[in-house]
Amino acid sequence: MASTVKYVRVPPPSANIAEARKRVFEFFKTACRSIPTIMEIYTLDDVVTPTKLRSTITSEFRKNAHVTNPQVIDMLLIKGTEELSNIVEHAKQRHHIIGQYVLSREDSNQETKDEGTSDFLKSFYKGNYV
């Protein structure tokens, strides 16, 4: 199984925002190209589609779209590269990937606490969470 993520040494700091932006796009392409490998390593076909995984990656990038400092962008790229390397090198287990990148996106819009259907649970939740 060929890995799309190579062992990467820390690059020199970006000189300006344009160079940092170019590095972000290159890393995004690398992350998207590694999706088939990740799907194969963790057998995620039954849980998520490659399209949904790609949209999760996109949302992770968009969370930091407001950052304009090249040094901060470089630091985020180093953290992202490390995370991607850990995933591709199978340093995480399947349930880590599902919990961090599949279920957390689906459950973010839903309430995590189930109110229950019995009167006992309803009164319990009212008494402890109000």
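If you're wondering where the values come from, they're calculated on a predicted model, not measured in any experiment.

## Quick word on the nonpolar core
Point 1. With 22 residues, the main nonpolar core has I38, Y42, L44 and L53 as its most contacted residues.
Point 2. Listing elements by their share of this core, those giving two or more residues are α1 (17–33), α2 (35–41), α3 (50–62), α4 (70–88) and α5 (94–107).
Point 3. Here the element with the most residues in this core is α4; it accounts for five residues.
Point 4. Not counting residues up to four positions away in its chain, the partners in contact with I38 are L44, L53, L84, I87 and V88.

## A closer look at the packing of aromatic side chains
Point 1. Overall, the coordinates contain two aromatic pairs when judged by the stated rule.
Point 2. Summarising the aromatic geometry, the rings of F27 and F61 are spaced 5.7 Å apart at their centres and angled 40 degrees between planes, so their arrangement reads as tilted. Taken together, the residues F27 in helix α1 and F61 in helix α3 connect sequence positions 34 residues apart.
Point 3. On the basis of an interplanar angle of 90 degrees and a centroid distance of 5.1 Å, the ring pair of F28 and F61 is categorised as edge-to-face. Placement of F28 in helix α1 and of F61 in helix α3 is noted, with a sequence separation of 33 residues between them.
Point 4. According to the relative accessible area criterion, F28 is partly exposed, its value standing at 25%.
Point 5. Take F61: its relative accessible area is 25%, and that puts it in the partly exposed class.

## Notes on the packing of α1 against α4
Point 1. The interhelical angle for the contact between α1 and α4, taken along N-to-C directions, is 15 degrees, at an axis separation of 10 Å. With respect to their mutual orientation, α1 and α4 come out roughly parallel. As for how α1 packs across α4, the hand of that crossing is left-handed. Only P70, I73, D74, L77, G80, T81 and L84 of α4 make contact with α1, whose side of the interface consists of I17, A20, R23, V24, F27, T30 and A31.

## Details of the UniProt feature "domain: Complex 1 LYR protein" (unreviewed entry) in the chain
Point 1. According to UniProt, the feature "domain: Complex 1 LYR protein" (unreviewed entry) maps to residues 53–84 in the numbering used here.
Point 2. Along residues 53–84 one finds 78% helix and 0% strand; the C-alpha atoms at either end are 13 Å apart.

## So, α4
Point 1. Compared with an ideal rise of 1.5 Å per residue, which puts 19 residues at 27 Å, α4 spans 26 Å between its outermost C-alpha atoms and is within 8% of the ideal.
Point 2. Along α4, the residues that are buried comprise P70, I73, D74, L77, G80, L84, S85, I87 and V88. Summarising the axial view, the buried residues of α4 lie within an arc of 155 degrees, below the 170-degree limit, and thus occupy one face. Opposite the buried face of α4, at more than 90 degrees from it, the exposed residues are Q71, K79 and E82.
Point 3. Structurally, the start of α4 carries an N-cap: the backbone nitrogen of Q71 is 3.1 Å from a side-chain oxygen of N69.
Point 4. A positive backbone phi angle near 60 degrees is found at H90, which sits one or two residues after α4.

Reading guide: rules and limits
Residues numbered from 1 in each chain as written. Predicted model: local features only at pLDDT ≥ 70, side-chain atom pairs only at ≥ 80, totals over all residues. Heavy atoms only, no water. Core = buried A, V, L, I, M, F, W, Y, C linked by side-chain atoms within 4.5 Å. Buried < 20%, exposed > 50% of the residue type's maximum accessible area, 1.4 Å probe, protein only. Helix = DSSP H or I, 4+ residues; strand = E, 2+ residues; numbered from the N terminus. Contact = heavy atoms within 4.5 Å. Phe/Tyr/Trp six-rings, centres within 6.5 Å; stacked < 30°, edge-to-face > 60°. Axes fitted to C-alpha atoms, helices over the stretch in contact; angles between N-to-C directions. Parallel < 35°, antiparallel > 145°, perpendicular 65-115°, else oblique. Left-handed = near helix turned anticlockwise from the far one by under 90°. UniProt positions renumbered as here; feature names shortened; annotations may be inferred. Expected span 1.5 Å × (residues − 1). Arc of directions from axis to C-beta. Polar contact = N/O pair within 3.5 Å; in protein donor to acceptor, adjacent residues only side chain to side chain.

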